[in-house]
Amino acid sequence: MESPESFPYDRESDELETSFVELLMRARNADYGEEQILSWEELVGKTRYMNDDELLLDALVELGDAYTYGGELCQLPTSFQEARIIFETLDLDQQADWALYLGKQYKYYLTALLDHPDTPVAILHRELAELRDFWSAHASSMKEYYLRAYYVFRELGDDPAAREAFSLWLAEPREEGSFSECPSCSAIHHINALYAMGDTFDAVSVGEQALSQTEDFCSAQPENLYLSMLEPWIYAGEVKKARRAHRKTLRRDLHSRIGTEFYSQHFMYYALMGMRGYKFQYHIGVMFFVSQLPYWLEMESPRILMDSAAAAAILLRHYPRPSRRLRLKFSGSSLPWIISTDLENPTVAEAAQWCVDIVEKLAHRFDSRPGLTHPHTVVDMRRRIFDTEIPS
């Protein structure tokens, strides 16, 4: 994308030009989060009056990245849809310049639609077809399309189609450049899919190979790789590896709006380690639940809230002192995506049921997605919470 110096500021007065440049530099220099999002939202508003489609497209793409990496993924569809409309008006040479940037966001855009239960099935099918057409026109490999098809079909309860898409994703060669996930992020998808299919030891093998290839790490690694490996390692008996990895990831995700995306993995680590006999991990997990509960108000999608509540419920239900009272006060009625009851000094058992109730409500919403013919989320979540296999 263009550097700040290349923006055509001369179309405004000197005063407006200075204001625009200052706002642009503030947005460019800000860390991911609320400040950066607000800056890019303001810049998008200003560029609408500059009669320059590529300038507006640049600002929209930057805003999309700010939403994606700043804990506001569910806001991405609005900016992405406008960016796509502008992209389609460009000539072929201009499209070639912008395709990589739009292609990267296309993947997250589809995730945002999947993570919200109000997105109709017809729209998911339509957007998956649009993604296929975009990839066919602008990429040399369909690998990333097959991965997104796997997630869509899995969400719709079409297991045969999901498995076929997953097989095609594995077989398709990776394309170098922005169209493809980095090798480490790609490995995370592979690990998660294998683990979900029950292939724990294969998941461990894929993950350990990816961890050994440090030259392939992006800025999210190795922490995200470590998190994806916690459950497979514990079930494979590699407890020491899981403990070392968790210590290296926890600090990053504490007291962070962005870190809420990974809460479910932290809760599951504490729960499974407690089940393995490391009882003190139950206590640390409960402290994590209490200390991070205020950040539940900032969960960026219904799915992240549901997954976090499910994992917390597993931890709390297995805690050896269910009658222990927790010193906390939390406004469940202020939660995003769902209205829940308030908590005030609940017992562990009451907090566990509170989490279960949140999961049940959200799971029913996912099973009520408009046009869904194979609802499965309620069953999946109940099985996950109440039939969790104890690691041996």
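How each quantity is defined
- Residues numbered from 1 in each chain as written.
- Predicted model: local features only at pLDDT ≥ 70, side-chain atom pairs only at ≥ 80, totals over all residues.
- Heavy atoms only, no water.
- Core = buried A, V, L, I, M, F, W, Y, C linked by side-chain atoms within 4.5 Å.
- Buried < 20%, exposed > 50% of the residue type's maximum accessible area, 1.4 Å probe, protein only.
- Patch = residues over 30% accessible without salt bridge, like charges linked within 9 Å, V, L, I, M, F, W, Y side chains within 5 Å.
- Areas by Shrake-Rupley, 256 points an atom, 1.4 Å probe, with all protein chains shown as cover.
- Salt bridge = Lys/Arg side-chain N within 4 Å of Asp/Glu carboxyl O.
- Lys, Arg positive; Asp, Glu negative; His and termini not counted.
- Charge placed at Lys NZ, Arg CZ, Asp CG, Glu CD.
- Helix = DSSP H or I, 4+ residues; strand = E, 2+ residues; numbered from the N terminus.
- Axes fitted to C-alpha atoms, helices over the stretch in contact; angles between N-to-C directions.
- Parallel < 35°, antiparallel > 145°, perpendicular 65-115°, else oblique.
- Left-handed = near helix turned anticlockwise from the far one by under 90°.
- Contact = heavy atoms within 4.5 Å.
- Nonpolar A, V, L, I, M, F, W, Y, C, P; charged D, E, K, R; others polar.
- Expected span 1.5 Å × (residues − 1).
- Arc of directions from axis to C-beta.

Q: Let's hear about the nonpolar core: which residues, and what values?
A: One finds Phe267, Phe289, Trp296, Trp354, Cys355 and Ile358 to be the most contacted residues of the largest nonpolar core, which totals 70 residues. Ile37, Phe87, Leu90 and Leu156 belong to the second-largest nonpolar core, a separate cluster that totals 59 residues.

Q: Tell me about a positive patch on the surface, and name the residues and values.
A: A cluster of like positive charges, contributed by Lys240, Arg244, Arg247 and Lys248, occupies part of the molecular surface. Tracing the backbone through its elements, the reader meets Arg247 in helix α12 (residues 239-253). Arg247 sits in the exposed class, given a relative accessible area of 57%.

Q: Please set out the packing of helix α9 (residues 183-196) against helix α10 (residues 200-212) residue by residue, giving values where relevant.
A: With their axes 8 Å apart at the nearest point, α9 and α10 run at an angle of 170 degrees to one another. Judged by the inter-axis angle, α9 sits roughly antiparallel to α10. Like other packed secondary-structure pairs, α9 and α10 cross with a definite hand, here left-handed. Across the interface between the two elements, Ala187, His190, Ile191, Leu194 and Tyr195 of α9 pack against Thr200, Asp202, Ala203, Val206, Gly207 and Ala210 of α10. Here the contact of α9 with α10 is built from residues that sort into seven nonpolar, three polar and one charged.

Q: So what about helix α8 (residues 159-171)? Which residues, and what values?
A: Between its terminal C-alpha atoms α8 stretches 18 Å, which fits the 18 Å expected from 13 residues at 1.5 Å a residue. Of all the positions in α8, only Ala161, Ala162, Ala165, Phe166 and Trp169 are classed as buried. Looking straight down α8, one finds that the buried residues subtend no more than 140 degrees of arc, so they occupy a single side. The outward face of α8, more than 90 degrees from its buried face, is lined by the exposed residues Pro160, Glu164 and Ala171. Contacts from the buried residues of α8 go to α7 (143-155) and α9.

Q: Help me get a handle on a nonpolar patch on the surface, residues and values and all.
A: On the surface, a cluster of nonpolar side chains totalling about 270 Å² of accessible area is made up of Phe280, Ile284 and Met287. Tracing the backbone shows Ile284 in helix α14 (residues 280-292). A relative accessible area of 31% places Ile284 in the partly exposed class.

Q: Give me the side chain of Ser39: which residues, what numbers.
A: Position of Ser39 relative to the elements: it lies in helix α2 (residues 34-47). The class for Ser39 is buried, based on a relative accessible area of 4%. Not counting chain neighbours up to four residues away, the residues in contact with Ser39 comprise Leu23, Arg26 and Ala27.

Q: With reference to specific residues and values, describe the pattern of salt bridges.
A: Taken as a whole and assessed by the stated rule, the structure comprises 21 salt bridges. A salt bridge links Glu298 to Arg257; the nearest nitrogen and oxygen atoms lie 3.6 Å apart. Of this pair, Glu298 sits in the loop between α14 and α15 (302-318) while Arg257 sits in the loop between α12 and α13 (263-275), and the two are 41 residues apart along the sequence. Given the relative accessible area of 31%, Glu298 is considered partly exposed. Classification of Arg257 as partly exposed rests on a relative accessible area of 23%. Within the structure, one salt-bridge network assembled from shared partners comprises Asp115, Glu155, Arg303 and Arg369.

That is the geometry; function is a separate question.
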